[in-house]
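Results of the structural survey
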Amino acid sequence: TVMFWNQVIASWANSSSPDKSFEAANVLKNHMCHEGDDEATVPDISSYGHVFKACATSHEMGSRARNLAGKVALTCWKDLKASSLFQLENGTEKVNKSLMDRGSIAIVFAMTASRAIENEKLRDEVIQSQFDAARRLGLVNAHVLRAFQTVGSPKVINNTLGKFGPNNAAVNLFVLIPQGWKRNCKRI
């Protein structure tokens, strides 16, 4: 089941192996069937979130682990964007409950993992794409804003948040951003 495979991926994400990003992604790609397959165990948003966590926490494990994590994060982000998980429900502005509960977390880990992408221009494009996905889905919360401020280049941050005072604390920014950007955030 998806819960079993998510536990395996989470174990890799929490391991001390420098190859954990690769191994977590390997479980996602090779052991979980994808949409359209018979008897599929389809990855959910948590599956991707655990892979992004493995990538994000590889950052301090040396240059080899960081480079590998950057490549894995980029591939995983492309796969997630192409999946049906980041779709709005039936043309509405709502997302499914799983995405509402865990989507912001996955985006935070994705952004944090993307800091390992070596090419600065590509890194900026990916981080902007991640923030744009959160904005389109209405999943921008203070955690997403903080991650964006932490890993985005000053140019990307200013282009996106300039009119809101991009140097404001994320909690203050959350109050200033349009309601549509945060419409599906889980209320805590």
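Position numbers for residues start from 1 in each chain and track the written sequence from start to end. This being a predicted model, a pLDDT of at least 70 is required before a residue's local features are given, and a value of 80 or more before pairs of side-chain atoms are given or counted; all residues contribute to the totals for chains, interfaces and linings. Excluded from the side-chain calculation are hydrogens and water; included are all heavy atoms of the structure.

Let us now look at the overall build of the chain. Summing up its helical and strand segments, the chain has nine helices and zero strands in all. Buried, partly exposed and exposed residues are distinguished by accessible area as a fraction of the type maximum, computed with a 1.4 Å probe on protein chains only: under 20%, between the cut-offs, and over 50%, respectively. Classification of the 188 residues of the chain by burial places 48% in the buried group. In the chain, the proportion of contacts linking residues at least 24 apart, taken out of those at least 6 apart, comes to 66%. We get accessible surface area from the Shrake-Rupley algorithm with a probe of 1.4 Å; when it comes to residues, only the shown protein chains can shield them. Accessible surface, the chain as shown: approximately 9,500 Å² in total, 53% of it carbon and sulfur. Secondary structure follows DSSP: runs of H or I at least 4 residues long count as helices, runs of E at least 2 residues long count as strands, and numbering of each begins at the N terminus. Residues count as neighbours in contact if any of their non-hydrogen atoms are within 4.5 Å of one another.

Below, the discussion takes up the nonpolar core. Val 51, Phe 86, Phe 131 and Leu 161 are the most contacted members of the largest nonpolar core, which has 52 residues in total. Setting aside residues up to four positions removed in sequence, Val 51 forms contacts with Ile 9, Ala 24, Ala 25, Leu 28, Val 72 and Cys 76. The definition of a nonpolar core used throughout is a set of buried Ala, Val, Leu, Ile, Met, Phe, Trp, Tyr and Cys residues joined through side-chain atoms within 4.5 Å.

What follows concerns the pattern of salt bridges. Just to be clear on terms, a salt bridge is a Lys or Arg side-chain nitrogen sitting within 4 Å of an Asp or Glu carboxyl oxygen. Summed over the entire model, instances satisfying the criterion amount to four salt bridges. For Arg 64, the salt bridge goes to Asp 19, with nearest N and O atoms at 2.7 Å. With a gap of 45 residues between them, Arg 64 in helix H4 (residues 63-82) and Asp 19 in the loop between helix H1 (2-13) and helix H2 (20-30) connect regions that are remote in the sequence. Take Asp 19: its relative accessible area is 25%, and that puts it in the partly exposed class. Measuring nitrogen to oxygen at the nearest pair gives 2.4 Å for the salt bridge that ties Lys 29 to Asp 79. A residue pair is termed long-range when its members are at least 10 positions apart, and Lys 29 in helix H2 and Asp 79 in helix H4 qualify at 50 residues.

This paragraph deals with the side chain of Ser 47. Residue position: Ser 47 is located in helix H3 (residues 45-56). Residue Ser 47 is classed as buried on the basis of its relative accessible area, which comes to 0%. Aside from chain neighbours lying at most four places away, what touches Ser 47 is Val 2, Asn 6, Ile 9, Leu 28 and Met 32.

Quick look at the environment of Thr 112 now. Inspection of the secondary structure assignment puts Thr 112 in helix H5 (residues 97-114). Here the alpha-carbon distance between Thr 112 and Ala 147, two residues 35 residues apart in the chain, equals 6.6 Å. Throughout this description, a polar contact denotes any pair of N or O atoms lying within 3.5 Å of each other; where both atoms belong to protein, one of them has to be capable of donating a hydrogen while the other can accept it, and for residues adjacent in sequence the pair is counted only when both atoms sit in side chains. A distance of 2.8 Å separates the side chain of Thr 112 from the backbone oxygen of Val 108, its partner in a polar contact.

For H2, the complete set of buried residues consists of Lys 20, Ser 21, Ala 24, Ala 25, Val 27 and Leu 28. On an axial view of H2, the arc spanned by its buried residues comes to 155°, and they lie on one face. The directions from the helix axis to the C-beta atoms are what the arc is built from.

Here we take up the side chain of Gln 149. Looking at the element boundaries, Gln 149 is found in helix H7 (residues 142-151). Those residues in contact with Gln 149 that sit more than four places away from it in its chain are Ile 157, Pro 166, Asn 167, Asn 168, Ala 169, Ala 170 and Leu 173.

Between H7 and helix H8 (residues 154-161), the least distance of the axes is 8 Å, while the angle of their chain directions is 140°. It follows from the interaxial angle that H7 and H8 lie oblique. Of H8, the residues touching H7 (which contributes Leu 145, Phe 148 and Gln 149) are Val 156, Ile 157, Thr 160 and Leu 161. Ten residues, namely Ala, Val, Leu, Ile, Met, Phe, Trp, Tyr, Cys and Pro, are considered nonpolar, four, namely Asp, Glu, Lys and Arg, are considered charged, and the remaining ones, Gly among them, are considered polar. The residue inventory of the contact of H7 with H8, partitioned by class, reads five nonpolar, two polar and no charged. Note on definitions: angles span 0 to 180 degrees between N-to-C directions of axes, and those axes are lines fitted to C-alpha atoms, for helices only across the stretch in contact. Roughly parallel covers angles under 35 degrees, roughly antiparallel covers those over 145, roughly perpendicular covers 65 to 115, and oblique covers all other angles.

Among the secondary structure elements, Ile 107 is positioned in helix H5. Look at Ile 107 and you get buried, because its relative accessible area is 0%. Each C-alpha atom of the pair Ile 107 and Tyr 48 lies 9.5 Å from the other, and the pair is 59 residues apart in sequence. Ignoring anything within four residues of it in the chain, the contact list for Ile 107 reads Phe 86, Gln 130, Ala 134 and Val 144.

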